[in-house]
Amino acid sequence: MNFFKRAWLNVWAKKGRSVLLILVSSAILMFVLAGLLIQSAAVKATSQAKADVGATVTLSANRQAAFKKMQSRTTSSKSSKMTLTPVKLSDAAKVAQLSNISGYNVTSSTSVNASSYDTVSMSTGMGSSTGGGPGGMKSSTSTGDTQIDGVTATSLTTAFSNKQSKITKGRGITAADKNTNNVVIEKDLASQNNLTVGDTLTVKEATGDKDKVKLKVVGIYKASSTSSSAASPMSTDPANTMYTSYTLANTFKGSKYAGTADSVTFNVSNPAKVSSVKTAGKKLINTSKYSLSTDDASYQTVKASMDNVEGFANKIVWLVAIAGTIILALIVILMIRERRFEIGVLLSLGEARWKVIAQFFTEMLMVIVVAVAIAGVGGKFVGNQLGSQLVSQSATTTQTTSSSTGQPGGGEPSGNGGSGMRGGNGGPGNTSQTTKQATDTKLEVTVSAVNLAELGGFGLAITFLSIMIASGGILRLEPKKVLIS
Amino acid sequence: MLKTEGLGYWYQDKDQPLFQGIDLEFDVGQSYAILGHSGSGKTTFLSLIAGLDKPKEGDIKLNDRSLKQIGLTNFRRHDVSIVFQAYNLFTYMSPLNNLLTAMAITDAAHAGDKAYARQVLNDLGIGADLAERNVQHLSGGQQQRVAIARTMCCDAKLVVADEPTGNLDEDNTKEVIQQFQKIAHEQGKCVIIVTHEPDVANQCDHQFRLENKQFVELA
Ligand SMILES: Nc1ncnc2c1ncn2[C@@H]1O[C@H](COP(=O)(O)OP(=O)(O)OP(=O)(O)O)[C@@H](O)[C@H]1O
Ligand SMILES: [Mg+2]
């Protein structure tokens, strides 16, 4: 392999030129690596987002069917009351058996009246605009001053999983609190009434025989002001919301509500499978009574944001690779012109043209190997800079798109009476919530062995292509013209 | 050994060939000088017998095999060694590496033999010190001696040189011609030198003059 030795002698003898070539190649490869890094970071972040954000399928009463029924009844007879069938937990258990469902949360809400304590009154003047109240789904008989949110576990609710609400003392409601009178109350309510973990308080049922019930405080939570002002019923201060086991909420509602729920939210382990879970779930339930709705908006927002970054990184990689190939090819063409004499001497000695090309390729390869190492060090820096820039940029873009489109059933602020149709579904404040998530998603940029291997591959391809493009000059070169003048 | 049969060449105009119908024969162990006016076509002729270009007419045969059959690259690699007026060495190498590279490319018997290459250089007055330096730091005479050493190291039986003494002074010229005589008589090769210096031509075994599109042998 004589051309190998010649390549080495040449690279070594012309150090200045070699260093310049290394610098140019490093610059090109650094951009390629930056693209590759953002690309792989985006892929990682997307799968992380899948795990973090998750998606849900919610089983609830079919409002549309109920509304139609009510309308037809209004025209024919006198009754105009819209009746909603509560979700039977036995039906929910069937849906929970589907694959890709990692767990579920039962929600049953109602209201009670304060007995042993005082409720927190609204400091703002918003109390007057009571409108339609907390969407129809919250108990139809809710007239009390204290909102009771019965759940399987507080950690499974959106407010807590989104970190809008936080347990500050004691613990949250868990599945073990089933059939107990344990309660988690808000910090403001607790301090106003001097209540702490371990204390008891008494409430008075708002319906039925209006019994007084003693509740035991097991935890205190803090509701963030942003989430509460949007997500809670307008009529009461968010501090008046208590979390209990859904079984207790059902007890407050009355005996016929035992074993039911307002809605059951299933966590889908793979957000990409949401629609197939929904389809499979629909086969298990009576769709005239129940409806299954999906909420993967958070996932979709994060995914869209990351897809943006990924697509952009893809474009960077290819653009830089193409531009780099062209630049290197031009440099090699110039280099070959400058070295026509040397090539002529080689040809006059009877060297095969492909070996001359092989020599140039080897020389460039030596340059690229060093350049890959340099780019590996520098690319991390460039990638970090670009990565943070890109995420903040795409987060703002997705925010504008999502708020302008509006989430189905989510974006509408609750309020005017007619919105009982859709207001409660999914809960308001969806948009603000998801963008928060997207901004929180960081692109972690680290140079892995895979990245370096990819970079090496690109370097090799760029070198190979540029030599191929430039080798036309070698193939056409006539030694006589160069050597005899 | 080398024969031209009805050899003819022209650049643009077929009606104005540089030479035409040339039948010559060159043998091993002999040295030949080719003289002629500037522009008469000496270099062009040399490029044909060196396998750097193809004849427009006629044929060139090495031991009765046409160069077309042998293939020009193959012919250049194994059968001919060229010495140019401008030395044509690899400028990024030392004299030693120039010789080693040429020997490797031409599959010479001594390929890879550093000691042999050093010896040949030494015999031509390129000592151990000069042999490891970059060739660009050598004088013209020294560079031409490296080029001759390269020819000596390779096994090609045909050696062609185009004005090899054109850039050299009297002493160096004498020295270089002596070496060519050595190559012809001691190494048993066929040496063909293009020159316009009668002194150089006089030292060769045979002299030809390119005149009126023909080669005329001088007594
Ligand atoms: N590539 C070419 N294209 C066209 N004409 C050429 C080319 N090369 C040489 N010629 C012409 O061919 C003729 C012969 O050129 P050549 O170089 O063979 O002459 P020469 O005998 O070696 O002259 P000199 O003694 O000056 O070196 C000249 O008139 C020259 O101008
Ligand atoms: Mg000439």
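Owing to the predicted nature of the structure, the values given are computational and were not obtained by experimental measurement.

A. Looking closely at the overall build of chain B. When you go through chain B residue by residue, the secondary structure sums to nine helices and ten strands. Counting all 219 residues of chain B, 55% fall into the buried class. Across chain B, contacts joining residues at least 24 apart in sequence account for 71% of those joining residues at least 6 apart. Carbon and sulfur atoms form 42% of the exposed surface of chain B, whose accessible area is close to 9200 Å².

B. Quick look at the overall build of chain A. Secondary structure assignment for chain A yields 16 helices and twelve strands. By the burial criterion, 48% of the 485 residues in chain A qualify as buried. A separation threshold of at least 6 residues defines the contact pool for chain A, and within that pool the share at least 24 residues apart is 84%. Of the accessible surface of chain A, which amounts to about 22900 Å², a share of 58% is contributed by carbon and sulfur atoms.

C. Representation of the interface of chain A and chain B. Contacts between chain A and chain B engage 22 residues on the former and 25 residues on the latter. Note on chain A versus chain B: buried area summed over both sides is about 2100 Å², and carbon and sulfur give 66% of it. For chain A, the biggest contributors to the area lost against chain B are L349, K480 and I484 of chain A; these three give 31% of the whole. Taken together, the links from chain A to chain B amount to one salt bridge. Residue K480 of chain A pairs with D53 of chain B through a salt bridge whose shortest N-O separation is 2.9 Å.

D. Examining helix α1 (residues 2–13) of chain A more closely. Taking 1.5 Å of rise per residue, twelve residues should cover 16 Å, and α1 of chain A covers 16 Å from first to last C-alpha, within 8% of that figure. Those residues of α1 of chain A not exposed but buried are N2, F3, R6, A7, L9, N10 and V11 of chain A.

E. Seen up close, the site of ligand 1. Residue and element names in this part refer to chain B. Taken together, Y11, Q12, L18, H37, S38, G39, S40, G41, K42, T43, T44 and E163 form the complete shell of residues around ligand 1. Interatomic distance of 2.8 Å between a backbone N/O atom of G39 and an oxygen atom of ligand 1. Compared with its free state, where it exposes 640 Å², ligand 1 has 58% of that area covered by protein. Among the residues forming the shell around ligand 1, the class breakdown is two nonpolar, eight polar and two charged.

F. Quick look at the packing of helix α7 (residues 140–153) of chain B against helix α8 (residues 170–185) of chain B. Residues and elements named next belong to chain B. At a minimum axis separation of 11 Å, α7 and α8 run at an interaxial angle of 0°. On the basis of the axis angle, α7 is roughly parallel to α8. On the side of α7, the interface is formed by G141, Q144, R145, I148, T151 and M152, while α8 contributes N172, E175, V176, Q179, F180 and I183. In terms of residue class, the contact of α7 with α8 is built from five nonpolar, five polar and two charged.

G. Summary view of the packing of aromatic side chains. Under the defined criterion, the tally for this structure stands at 16 aromatic pairs over all chains. Measuring from ring centre to ring centre gives 5.4 Å for Y104 of chain A and F266 of chain A, while their planes differ by 35°; the resulting arrangement is tilted. With Y104 of chain A in strand β3 (residues 101–114) and F266 of chain A in strand β11 (residues 263–268), this residue pair connects regions lying 162 residues apart in the sequence. Its relative accessible area of 31% is what places Y104 of chain A among the partly exposed residues. Owing to a relative accessible area of 0%, F266 of chain A belongs among the buried residues under this scheme. Considering the side-chain rings of F26 of chain B and Y32 of chain B, the 4.8 Å spacing of their centres and the 85° angle between planes classify their relative orientation as edge-to-face.

H. Layout of a negative patch on the surface. On the surface, D169, E170, D171 and D199 of chain B cluster together into a negatively charged patch. Assignment of secondary structure puts D199 of chain B in helix α9 (residues 198–202).

I. Broad picture of the sheet that holds strand β6 (residues 80–83) of chain B. Residues and elements named next belong to chain B. Judged by pairing direction, the sheet is mixed, and its six strands sit side by side in the order β6-β7-β8-β3-β9-β10 without closing on themselves. Taken across any chain shown, the strands that pair with only one partner, and hence form the sheet edges, are β6 and β10 (214–218). Averaged over all adjacent pairs, the angle separating strand axes in this sheet is 20°, with direction ignored. Alignment of strand β7 (residues 158–162) against strand β8 (residues 190–194), held across five bridges, turns out to be parallel.

J. Expanded view of the packing of α1 of chain A against helix α4 (residues 95–105) of chain B. At a minimum axis distance of 10 Å, the contact between α1 of chain A and α4 of chain B shows a crossing angle of 155°. In this view, α1 of chain A runs roughly antiparallel relative to α4 of chain B, as classed from their interaxial angle. Crossing of α1 of chain A over α4 of chain B shows left-handed handedness. On α4 of chain B, the residues that touch N2, K5, R6 and L9 of chain A of α1 of chain A are N97, L100, T101, A104 and I105 of chain B. Here the contact of α1 of chain A with α4 of chain B is composed, by residue class, of four nonpolar, three polar and two charged.

K. Region of interest: the pattern of salt bridges. Counted according to the given criterion, the structure contains 13 salt bridges over all chains. K3 of chain B is the salt-bridge partner of D64 of chain B, the closest N and O atoms lying 3.3 Å from each other. Pair noted here: D64 of chain B is in the loop between β4 (57–62) and β5 (65–66) and K3 of chain B is in strand β1 (residues 2–9), with a separation of 61 residues, a long-range link. Assessed through its relative accessible area of 55%, D64 of chain B is described here as exposed. The class for K3 of chain B is partly exposed, based on a relative accessible area of 27%. Measuring nitrogen to oxygen at the nearest pair gives 3.2 Å for the salt bridge that ties R133 of chain B to D129 of chain B. Overlapping salt bridges, with partners in common, bring together R17, R339, E342 and E363 of chain A in one network.

L. Examining the pairing of β11 of chain A more closely. Residues and elements named next belong to chain A. With five of six residues buried, β11 lies mostly within the body of the structure. With six bridges joining them, strand β1 (residues 55–61) and β11 adopt antiparallel strand pairing. The residue bridging L59 from the neighbouring strand is V264, located in β11. As paired elements, β3 and β11 share six bridges and run antiparallel to each other.

M. Examining the side chain of D177 of chain A more closely. Here D177 of chain A is to be found in the loop between β5 (165–170) and β6 (182–186). Apart from the residues lying within four places of it in its own chain, the contact partners of D177 of chain A are R171, G172, N182 and S245 of chain A.

Basis of the calculations
Residues numbered from 1 in each chain as written. Chains lettered and ligands numbered in written order. Predicted model: local features only at pLDDT ≥ 70, side-chain atom pairs only at ≥ 80, totals over all residues. Heavy atoms only, no water. Helix = DSSP H or I, 4+ residues; strand = E, 2+ residues; numbered from the N terminus. Buried < 20%, exposed > 50% of the residue type's maximum accessible area, 1.4 Å probe, protein only. Contact = heavy atoms within 4.5 Å. Areas by Shrake-Rupley, 256 points an atom, 1.4 Å probe, with all protein chains shown as cover. Buried area = accessible area lost by both parts, 1.4 Å probe. Salt bridge = Lys/Arg side-chain N within 4 Å of Asp/Glu carboxyl O. Expected span 1.5 Å × (residues − 1). Near = heavy atom within 4 Å. Polar contact = N/O pair within 3.5 Å; in protein donor to acceptor, adjacent residues only side chain to side chain. Nonpolar A, V, L, I, M, F, W, Y, C, P; charged D, E, K, R; others polar. Axes fitted to C-alpha atoms, helices over the stretch in contact; angles between N-to-C directions. Parallel < 35°, antiparallel > 145°, perpendicular 65-115°, else oblique. Phe/Tyr/Trp six-rings, centres within 6.5 Å; stacked < 30°, edge-to-face > 60°. Patch = residues over 30% accessible without salt bridge, like charges linked within 9 Å, V, L, I, M, F, W, Y side chains within 5 Å. Lys, Arg positive; Asp, Glu negative; His and termini not counted. Charge placed at Lys NZ, Arg CZ, Asp CG, Glu CD. Pairing = 2+ DSSP bridges. Left-handed = near helix turned anticlockwise from the far one by under 90°.

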